[in-house]
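Residue-level structure breakdown
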Amino acid sequence: MGTHEDLLARHRKVLPSWMVLYYQEPIALVDGDGRRVTDAEGNEYLDFFAGILTTMTGYKVPEVVAAIKAQADKMLHTSTLYLIENQIDLAEKIAELSGIPDAKVFFTNSGTEANDAALMLATQYRKSNQVLAIRGSYHGKSHSTVAITGQRNWSSTSLYPFNVIYVHGGYKLRSPFGHLPDDEFIAACKADLENMLDVASAGDVACMIAEPIQGVGGFATPPDGFFAAFKEVLDRTGILFISDEVQTGWGRTGEHFWGYQSHGITPDILTFAKGLGNGMALAGVVATASLMDTLPANSISTFGGNPMSTAAGLANLDYLLEHDLQTNAYKVGNRLKSNLDELADRTEIIAEVRGKGLMLGVELVKAGGLDPDPAAAAAVMEEAKKEGLLIGKGGLYGNTLRIAPALSLTEAEADEGFEKLARAIERVAG
Ligand SMILES: Cc1ncc(COP(=O)(O)O)c(C=O)c1O
């Protein structure tokens, strides 16, 4: 029995059946360097999914590794009952970068928890349990975040703490308004939002939560300005806007540091996770002080913003900014996207290439139409793996390939990965 086969048999016995594993023959990744990883059987891959957009600056970045080691030599944990200098330093930097005035930061261990905290703040502040969410959304795995998950595949319960109203989002390809030019499309979605507030809410909605580009939803990308039109409606009655930047933050979209900036708005609350810790569990919520301080009871987070994860976050953020990886994401992402656009022109099973920067989606369909083809997406994943390329998958029907490498990806690596992916897609297209 090979190492992977053995691990899989043991995994199946003691880990939940609903914890998704990629590939017919799942693999364990045991080493990484830059944008490349090695599995437990010695196979090497170029990594275009980066631990679900999480190894943001790359594997084994010396500055990040050194910061983690230095902190580990001193102390692993203290808890938020004590002052943590790394946490304060990082909060200062994030507050400044967030664009939110008079910002405060609460650190958590995951994006789920960050969104939980954001929803707690918004619902307490507004004294309402009504929440607006976007069709096709994904915000996490807890009860409160599953409540605002607009995808059947990821909705594991209907026992929700909120009253949730779903509105149309920016996924044009399958929208009833998708045939309209962008400005009319935005106006139609805005009218839908207004209508839903009139017919489905009981007044006094607490907040809207949205991903600027939907992650698990298949990198569905609204036209620029989409959320400005929504915010105009929300502002009329003080409904708060939460921007879930778990996937879109830290310059990944290339054009901007935060996804919300494509829309010319500032959110009331912002959540982050994934990339900041480069793999260390580090996430959080940012809100203006009056909102953040709204909770009427004590709270703590035993692990949130601990000395280790914040040491990693500080070093990682410094590395990102010093190397201007946002500009790199813009440049390398555009190069990759234009290659993918050309491939789409000559490949019938690609319905659309979308996304921004190093967050690119390729939606696969049955040739000649728009019928989603999840089997093709699964087959491309397998073929790409044989080529030595790891990619991700998502979308409402599991038919969208997700490309989201570390933001330090070089042009040569982008070209190499594209060639591998193109061969994989062409083999599946037949
Ligand atoms: C946009 C978005 N929000 C929240 C989450 C939840 O983050 P976590 O898995 O760290 O709880 C995810 C995870 O993929 C996500 O993509």
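Scroll up to find the structure.
Everything in this summary refers to the structure shown in the same document. Just so it is clear, the structure is predicted and the values come from calculations on it, not from any experiment. (Residues numbered from 1 in each chain as written. Predicted model: local features only at pLDDT ≥ 70, side-chain atom pairs only at ≥ 80, totals over all residues. Heavy atoms only, no water.)

**Topic: the overall build of the protein**
Cut-off, in case you're wondering: Under the scheme used here, helices are H or I runs from DSSP no shorter than 4 residues and strands are E runs no shorter than 2 residues, and both carry numbers assigned from the N terminus. Restricting the calculation to C-alpha atoms gives the radius of gyration, and the globule rule supplies 2.2 Å times the number of residues raised to the power 0.38. Burial classes: relative accessible area under 20% of the type maximum marks a residue as buried, over 50% as exposed, and values in between as partly exposed (1.4 Å probe, protein chains only). Working rule for contacts: check all heavy atoms of both residues, and any pair within 4.5 Å makes them a contact. With residues, only the protein chains shown are counted as cover, and all accessible areas are computed by Shrake-Rupley using a 1.4 Å probe. The sign given to each residue is positive for Lys and Arg and negative for Asp and Glu; His and the chain ends receive no count. Where a charge sits is defined by one atom per residue type, namely NZ (Lys), CZ (Arg), CG (Asp) or CD (Glu).
Along the protein, the regular secondary structure elements total 13 helices and 15 strands. Rg of the C-alpha trace for the protein: 21 Å, near the compact-globule value of 22 Å for 430 residues, within the 12% margin. Along the first, second and third principal axes, the C-alpha atoms of the protein reach 60 × 55 × 45 Å. Relative to its full complement of 430 residues, the protein shows a buried share of 55%. By sequence separation, contacts in the protein at least 24 residues apart represent 73% of the contacts at least 6 residues apart. As presented, the protein carries roughly 18300 Å² of accessible surface, and 52% of it is formed by carbon and sulfur atoms. On the protein, the mean spot of the 36 positive side-chain charges and the mean spot of the 54 negative ones are 4 Å from each other.

**Notes on the pairing of strand S3 (residues 44-47)**
Applied cut-off: Should DSSP find at least two bridges between two strands, the strands are regarded as paired.
Where strand S2 (residues 36-39) lies against S3, three bridges are found, and the strand directions are antiparallel. When the sheet's bridge partners are listed, Thr-38 is paired in S3 with Glu-44. Linking S2 back to S3 in an antiparallel pair, the connection comprises four residues, with Gly-42 at a positive phi of about 90°. Relative to strand S13 (residues 389-390), S3 runs parallel, the two being bridged by two bridges. Counterpart to Leu-46 in the pairing with S13 is Leu-389.

**Considerations on the packing of helix H11 (residues 325-345) against helix H13 (residues 411-429)**
Using the following cut-off: Note on geometry: axes are C-alpha line fits, over the in-contact stretch for helices, and angles between N-to-C directions span 0 to 180 degrees. Oblique is the label for every angle not falling under 35 degrees (roughly parallel), over 145 degrees (roughly antiparallel), or within 65 to 115 degrees (roughly perpendicular). Note on convention: near helix rotated counterclockwise from far helix by under a right angle means a left-handed crossing. Clockwise means right-handed. Throughout this entry, Asp, Glu, Lys and Arg are counted as charged residues, while Ala, Val, Leu, Ile, Met, Phe, Trp, Tyr, Cys and Pro are counted as nonpolar. The remaining residues, Gly among them, count as polar.
Where H11 meets H13, the closest approach of the two axes is 10 Å, and the angle between their N-to-C directions is 25°. By the angle between their directions, the pair H11 and H13 is classed as roughly parallel. H11 and H13 meet at a crossing whose hand is right-handed. Contact residues: Lys-331, Val-332, Arg-335, Leu-336, Asn-339, Leu-340 and Leu-343 in H11; Glu-411, Ala-414, Asp-415, Phe-418, Leu-421, Ala-422, Ile-425 and Glu-426 in H13. Here the residues of the contact of H11 with H13 are counted per class, giving nine nonpolar, one polar and five charged.

**Structural notes on the site of the ligand**
For clarity, the threshold we go by: Any residue with a heavy atom positioned within 4 Å of a molecule or strand is treated as near that molecule or strand. Any N or O atom pair separated by 3.5 Å or less is treated as a polar contact, with the protein-specific requirement of one donor-capable and one acceptor-capable atom, and with residues adjacent in sequence counted only for side-chain atom pairs.
Lining the immediate surroundings of the ligand are 13 residues, of which Gly-111, Thr-112, Asp-244, Gln-247 and Lys-274 lie closest. One of the side-chain N or O atoms of Asp-244 is found 2.7 Å from a nitrogen atom in the ligand. Here the ligand loses 85% of its free accessible area of 390 Å² to cover by the protein chains. No other element matches helix H5 (residues 111-126), which puts three residues into the shell around the ligand. By residue class, the composition of the shell around the ligand is two nonpolar, seven polar and four charged.

**Examining a nonpolar patch on the surface**
The criterion, for reference: Patch rule: a residue counts if its relative accessible area is over 30% and it has no salt bridge; like charges are joined within 9 Å, and nonpolar side chains (Val, Leu, Ile, Met, Phe, Trp, Tyr) within 5 Å. Definition used for salt bridges: Asp or Glu carboxyl oxygen within 4 Å of a side-chain nitrogen of Lys or Arg.
The grouping of Val-14, Leu-15, Trp-18 and Met-19 at the surface amounts to a nonpolar patch, some 470 Å² of accessible area in total. Position of Trp-18 among the secondary structure elements: in the loop between helix H1 (3-14) and strand S1 (29-33). Among the residues examined, Trp-18 registers a relative accessible area of 69% and is labelled exposed.

**Considerations on the side chain of Arg-402**
When you line up the elements, Arg-402 lands in strand S15 (residues 400-403). Among buried Asp, Glu, Lys and Arg side chains, Arg-402 stands out as unpaired, with Glu-211 the closest opposite charge at 7.3 Å. Among the polar contacts listed, one links the side chain of Arg-402 to the backbone oxygen of Gly-215, at a separation of 3.1 Å. The residues contacting Arg-402, other than those within four sequence positions of it, are Phe-48, Phe-49, Gly-215, Val-216, Gly-218, Phe-219, Gln-247, Leu-360, Ile-391, Gly-392, Lys-393 and Gly-394.

**Things to note about the packing of aromatic side chains**
Put simply, the rule is: Aromatic contacts are taken between Phe, Tyr and Trp rings whose centres are within 6.5 Å, Trp giving its six-membered ring; a plane angle under 30 degrees counts as stacked, one over 60 as edge-to-face, and the others as tilted.
Inspection of every chain in the model, using the stated rule, returns 13 aromatic pairs. Feature note: the residues Phe-107, Trp-250, Phe-257, Trp-258 and Phe-272 constitute an aromatic cluster, connected by ring pairs.

**Here's the deal with a negative patch on the surface**
A cluster of acidic residues, Glu-5, Asp-6, Glu-25 and Glu-41, forms a negative patch on the protein surface. Along the chain, Glu-41 turns up in the loop between S2 and S3.

**Points about the nonpolar core**
How we decide: Nonpolar core, defined: a set of buried Ala, Val, Leu, Ile, Met, Phe, Trp, Tyr and Cys residues in which side-chain atoms within 4.5 Å join the residues together.
One finds Trp-250 and Ile-391 to be the most contacted residues of the largest nonpolar core, which totals 63 residues. Leaving out residues up to four positions away in the same chain, Trp-250 has contacts with Met-56, Ile-94, Phe-257, Trp-258, Phe-272, Ala-273, Leu-276, Leu-317, Leu-320 and Leu-407.

**Some remarks on the sheet that holds S13**
Strand order across the open sheet formed by four strands is S1-S2-S3-S13, with mixed pairing between neighbours. The open sheet has two free edges, formed respectively by S1 and S13, since each of these has just one partner strand. In this structure, S1 lies alongside S2, joined through four bridges in antiparallel fashion. Its bridge partner being in S2, Leu-29 is matched across the sheet by Asp-39.

**Quick look at the pairing of strand S10 (residues 283-288)**
In terms of residue burial, S10 counts as a mostly covered element, since five of its six residues are buried. Pairing of strand S4 (residues 103-108) with S10, which is carried by six bridges, proceeds in the antiparallel orientation. The residue bridging Val-105 from the neighbouring strand is Val-286, located in S10. With four bridges joining them, strand S9 (residues 269-272) and S10 adopt antiparallel strand pairing. Within S10, the position partnered with Leu-270 by the bridge is Val-286.

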